[in-house]
Structures are given as C-alpha cells and as structure tokens.
Amino acid sequence: MAKKLFINGKFVEGSAGKVIQVTDPHTNKVFEEVSEGSVEDVRTMVEAAEKAFRGGWGTSLPHERAAFLRRIAAGIRDRLEEISRLESMNVGKPIGDSRWEVNAGAELFDYYAGAVAIFGGETLPVSRPGVDLTFRQPIGVAACITPWNYPFMMACSKVAPALAAGNSVILKPASYTPLSALALAEIVEKAELPAGVLQVVCGPGSTVGNALVEHPLVGKISFTGETTTGAELLRKSSDRIARLSLELGGKSPNIICEDADLERAASTSPLAVFGNTGQDCCARSRAFVHEKVLDEFVERFVAATKKLVIGYPLDDKTEVGPMVSRSQRQISLDYIQLGEKEGAKRVHGGEVIDTPELKDGNYLTPAVLVNVRNEMRVAQEEIFGPVLCVIPYKDEAEMIRQANHCKYGLSGSIWTRDVARALRIAKAVESGVLSVNCNNSVFNEAPFGGFKQSGIGRERGLYALEAFTEVKNVFIWVGS
Ligand code: NDP
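Okay, so let's go over this structure. (Residues numbered from 1 in each chain as written. Predicted model: local features only at pLDDT ≥ 70, side-chain atom pairs only at ≥ 80, totals over all residues. Heavy atoms only, no water.)

## As for the overall build of the protein
Link 1 in the chain: The helix and strand inventory of the protein stands at 15 helices and 22 strands.
Link 2 in the chain: A compact globule built from 480 residues should have a C-alpha radius of gyration of about 23 Å, and the protein, at 23 Å, falls within 12% of that.
Link 3 in the chain: In terms of principal-axis extent, the alpha carbons of the protein reach across some 70 × 65 × 40 Å.
Link 4 in the chain: Looking at the protein as a whole, 58% of its 480 residues are labelled buried.
Link 5 in the chain: Carbon and sulfur atoms provide 53% of the accessible area of the protein, an area that totals close to 19,800 Å².
Link 6 in the chain: Positive and negative side-chain charges in the protein, numbering 54 and 59 respectively, have mean positions lying 2 Å apart. (Helix = DSSP H or I, 4+ residues; strand = E, 2+ residues; numbered from the N terminus. Rg over C-alpha atoms; globule rule 2.2 N^0.38 Å. Buried < 20%, exposed > 50% of the residue type's maximum accessible area, 1.4 Å probe, protein only. Areas by Shrake-Rupley, 256 points an atom, 1.4 Å probe, with all protein chains shown as cover. Lys, Arg positive; Asp, Glu negative; His and termini not counted. Charge placed at Lys NZ, Arg CZ, Asp CG, Glu CD.)

## Thoughts on a nonpolar patch on the surface
Link 1 in the chain: A surface patch of nonpolar side chains, about 360 Å² in accessible area, is lined by L124, V126, F475 and W477.
Link 2 in the chain: For W477, the location among the structural elements is in strand β22 (residues 469-477).
Link 3 in the chain: Judged by its relative accessible area of 51%, W477 falls in the exposed class. (Patch = residues over 30% accessible without salt bridge, like charges linked within 9 Å, V, L, I, M, F, W, Y side chains within 5 Å. Salt bridge = Lys/Arg side-chain N within 4 Å of Asp/Glu carboxyl O.)

## Some details on the packing of helix α3 (residues 80-91) against helix α6 (residues 179-190)
For any two helices packed against each other, the geometry comes down to the angle between their axes and how far apart the axes lie.
Link 1 in the chain: In contact at an axis separation of 9 Å, α3 and α6 are set at 160° when each is read in the N-to-C sense. Relative to α6, the element α3 lies roughly antiparallel. Of the residues in α6, those in contact with I83, L86, E87 and N90 of α3 are L179, S180, A183 and I187. (Axes fitted to C-alpha atoms, helices over the stretch in contact; angles between N-to-C directions. Parallel < 35°, antiparallel > 145°, perpendicular 65-115°, else oblique. Contact = heavy atoms within 4.5 Å.)

## Brief notes about unusual backbone geometry
Link 1 in the chain: Within the chain, F384 stands out as a residue other than glycine whose phi angle is a positive 60°.
Link 2 in the chain: Looking at the element boundaries, F384 is found in the loop between α12 (377-380) and β16 (387-393).
Link 3 in the chain: For F384, a relative accessible area of 17% gives the class buried.
Link 4 in the chain: For R460, which is not glycine, the phi torsion reads 70° and is therefore positive.

## Overview of the site of the ligand
Link 1 in the chain: Close to the ligand lie 30 residues, the nearest being S175, T229, L248, C281 and E382.
Link 2 in the chain: Relative to its unbound accessible surface of 900 Å², the ligand loses 89% to contact with the protein.
Link 3 in the chain: Mapped onto the shell around the ligand, the elements with two or more residues apiece are α7 (205-214), β10 (218-224) and α8 (227-238).
Link 4 in the chain: Grouping the constituent residues of the shell around the ligand by class yields 14 nonpolar, eleven polar and five charged. (Near = heavy atom within 4 Å. Nonpolar A, V, L, I, M, F, W, Y, C, P; charged D, E, K, R; others polar.)

## Section: the sheet that holds strand β18 (residues 413-415)
What links the strands of a sheet is backbone hydrogen bonding, and the strands pair in either a parallel or an antiparallel sense.
Link 1 in the chain: Taking strand neighbours across the sheet as the criterion, the seven strands line up as β14-β15-β16-β13-β12-β18-β19 in an open arrangement whose pairing is mixed. Edge positions in the open sheet fall to β14 (345-348) and β19 (435-436), since each of these has one partner strand only.
Link 2 in the chain: Examined bridge by bridge, strand β12 (residues 253-256) and strand β13 (residues 286-290) share four bridges and lie parallel to one another. If you follow I256 over to β13, its bridge partner there is V289. (Pairing = 2+ DSSP bridges.)

## Considerations on helix α9 (residues 262-274)
Link 1 in the chain: In this model, α9 (13 residues) spans 18 Å end to end at C-alpha, consistent with the 18 Å of a helix rising 1.5 Å per residue.
Link 2 in the chain: Along α9, the sharpest change in direction is near 30° and occurs at T268; proline P270 comes one to four residues later.
Link 3 in the chain: Along α9, the residues that are buried comprise L262, A265, A266, S269, P270, A272, V273 and F274.
Link 4 in the chain: Considering only its buried residues, α9 is in contact with β12, α10 (294-307), β15 (367-370), β16 and β18.
Link 5 in the chain: Of the residues flanking the end of α9, it is N276, one or two places downstream, whose phi is positive at about 55°. (Expected span 1.5 Å × (residues − 1). Bend = angle between axes of the 7 residues up to and from the residue.)

## Some thoughts on the pairing of strand β3 (residues 19-24)
Link 1 in the chain: Of the two faces of β3, only one is covered, namely that formed by I20, V22 and D24; the face formed by V19, Q21 and T23 stays uncovered.
Link 2 in the chain: Where β3 lies against strand β4 (residues 29-35), six bridges are found, and the strand directions are antiparallel. In the strand pairing of β4, D24 is matched with K29.
Link 3 in the chain: The hairpin turn running from β3 into β4, its antiparallel successor, is four residues long, and N28 in that turn takes a positive phi close to 60°.

Encoded structure:
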C-alpha cells in the first residue's frame, strides 16, 4: 500500500488519486509507492497550518517549543539506522554518508532547541527619551521545499529552525526522494507536536509545490533546488511579497596554490567533488591549480580517485554510489562529451560501469578533465555529477578573476601554507562558504548560503532563526 501524506496530524491518502513510484538507483526498480497530494490537499494543509499557528503554536514559549524539538531529535536517533538505510536506497548514497546525515539532522533539532533560548531582540540607544526594543516574531505558515540530493538533512535544516522560531511548517520533499520526509512526519507524530504544526505533502513541484508558493497564507518559502526553479519562485512570490530564502546551485572553486600541502589537498579533494556522486551544490568542481604544481597535483588526485570504492550503497565500504537516476547520469555523460569537444582532455573516468553487480544501477566512474579553460561551458555550468574540471593558473590575481567569473558563488576551498595568502584569497573569492586547507565548512552554528545566483539568504546558525522571523521595533516613551 502506498505511503500516506501527513495532513493536520493524520496520515491520509493524497487526493490526486495517483501514486509516486520510488526507485532504487542501484537497480532502477520501484521499491515503494507514495500517495500523491493535490492542489486541494495543499489548500487544506495551509488552512490547518494557519489554524495551528494562530491556535497557540505562534505564541508558545521558546522552552515549550524546545522540548518538542528535543523529542524529535531523540526520535530521529532512535530510528537512525532505519532512516539511513531508507535514504541510501532512495538516493543511492553510501550508508556511511547517510548515517552521518541522519545524525546531523538530529543535531540540527538539538541545536535549534538550544539556540531559540538565546535568540532575542535588542535595546537600542535612540534619539528620544525612552526605551527602544526589538522583538523577533514568527512569520506564520512556512513552506519548506527540498531537493533530492540530501533529502533528510535538508529537510531538518529548514524544519528545525522554522519550528523553533514558532512557525507552522509544510514540508514538500522532492518527488524522487519522499521517504525520509515521511519518516520525519512519523517521528513528529510520536513527539505529539500539535496537529497542523508540521505537515508533509508529496507531489510534483508543478502542482503541489506551485500551490504552496502561490497560496496567500504562506508567509515564508524556504527553497533549495536548481537556480532556474529558484528564479521562477522569486517571480511568483514577488506578487504578494512573500518572504523567500533560496539555496541554489554552485560551481565551486578548489584553489591549489603553489605552496599547498599537495599530499593532503590531493588525497582529500576527490570526495569534495565526487562525494554524493557529485550531486552536491558545494561540489568543488573547478580546480584552479598553480602551474608549478599542476602535474603533481593531477597525478596525485587521479591516484586518490582510483582508490575510491564505488559500489552498492548499503555496503559499509562504499564511498561513491550510483547517481540518482539514468537521466542524471546521462546529463553528466553529455557534459563530459561536450568538454572533450571544447578541448578538454579526459585523464580519468567518465565511463558507465557495466560489471554484472553494478550494470543495473546508474553508476559512472568519476571523471577528471584537464586542459579546461574557465570560459568553457563545462567549467561554467553546474553538471551535478562526478566531473572535475582542472584549470591551470600562473598569476593569483588572474586566478581570482576567473574563479569569480561564474554566475554561482556558493562554496570553495583554498589550499596554501601562507596565512596571509589564504585570507587575501578568501576575501576576494565571491562565495558564501569557504574552507582553508580542508574541504568542508558547513556547521550547524555557522551561516550557509550563496552569493550571486547561488541564492538569497542564509541557513543554519542564528541566521536561520532570523530568516524565519520578522523583526518588530517598539519604542516606549518615558519623557514627562
Ligand atoms: P529542483 O529545483 O528541480 O527541485 C527542488 C524542489 O523544488 C523539489 O521538491 C521540486 O519538486 C520542487 N519544485 C520544482 N518545481 C517547482 C515549482 N515550480 N514550484 C515549487 N516547487 C517546485 O532541484 P533538484 O531537486 O533537481 O535539486 C538539484 C538542485 O538543487 C541543484 O541545482 C543543486 O545545486 C541544488 N541544491 C542547492 C543546495 C544549496 O544549499 N545551495 C543544496 C542542494 C542542492 P519535484 O521533485 O516534484 O520536481
């Protein structure tokens, strides 16, 4: 029987009269079905969410909401292994990665349970006799729309701060990957969150997603997905000035300076671009390598890439699984071909894996393209697959100009032993999130988001609580 949607505190069938078929990227076989929601269901859900917000959730005290959040975190941990396996089967991601991500989801609920207690307003010194103070108030009904590459973690990074801030939330997961969002709904039901405070609807972006974006009672939309979809949401929500946060695509630089610790940079960077099979908005997919260390870096990088264990996602040893779908794999293959036509040289990978164990899945060996010029399409467009473009450079200023010559500005890494150079480059690179001498700087406590067409606004840290609240300024006159 198809899994049900979570509407106003109950698991019910969607009224579209259809099911979403959920496939396993390792076999391309359907292993689960989910009932599809309709525009009518969205209307019902928004009304229930509004009622829950006005009926007490919106004015509940922070410590009351924190208690619910902690129960949800505990509920996630209780089911960590089960949800991790579900996520690996649904997305194709290695089980070790899924365990990390599901645990990170629990940590997000714990973090916001604590953060909401210290998230307050200010008193401001104004030019009149009196006290000027600010309040942070929830917006109302928030729609959280998520993509398929990190379904559970992405849902938690939106839902946890939205609830902590006092909003009621409707979560719409990507149609490829609805299962872990429904598991979250079960945990929320068990945590006895009041009906309507969190609801989960599954169905196409073009119907239920669109209905959420256009509904006049949805005050806040938090979206992660493609830049083109984000632009469409921006246009649609602008008519009614809905609050909108966008986390969009990326084409992030991995900057290897001539004095970099090459051993460390080359051995850890493959997973920074091929992790999650390259289906990662932060993938370091453009390596800018100083010409003095180019050959050595490429040689070491390819050697480290060859060691990556590609295979069945539920095998503990697997580091790179299949891509989410055949069509996503085809996009990568087309880009590799395009890159070669544009003059790049493929020195490793880019081949469909057709061994008896893996041939039914969407497996692709990670591709390394050298002789890439930054203006090539393969270096400018987000492939969202396991493809690295290596771009040599001579001069730091010219490299920064090229790194910034890109419509995206999400993430990036800088490898150098010179602190001054690291800071100089970090200040100049137009990205929201940068790592020095490592490849990850995404933390619950720190802001995450992009410059330019990588998005609007920031998630995580207290920034996410800001994004899910309005500021109100109140002045109390005390003059005689
Ligand atoms: P999409 O933009 O296709 O979809 C994202 C979500 O939006 C899905 O739930 C989708 O539903 C929904 N949606 C699609 N069209 C509409 C619409 N018109 N109105 C409302 N909702 C809609 O992205 P993908 O799922 O393909 O995800 C990959 C993209 O996400 C990549 O570009 C990647 O860079 C980006 N991303 C960005 C991150 C960041 O933090 N910056 C992090 C992770 C990914 P449905 O599935 O039913 O189509």
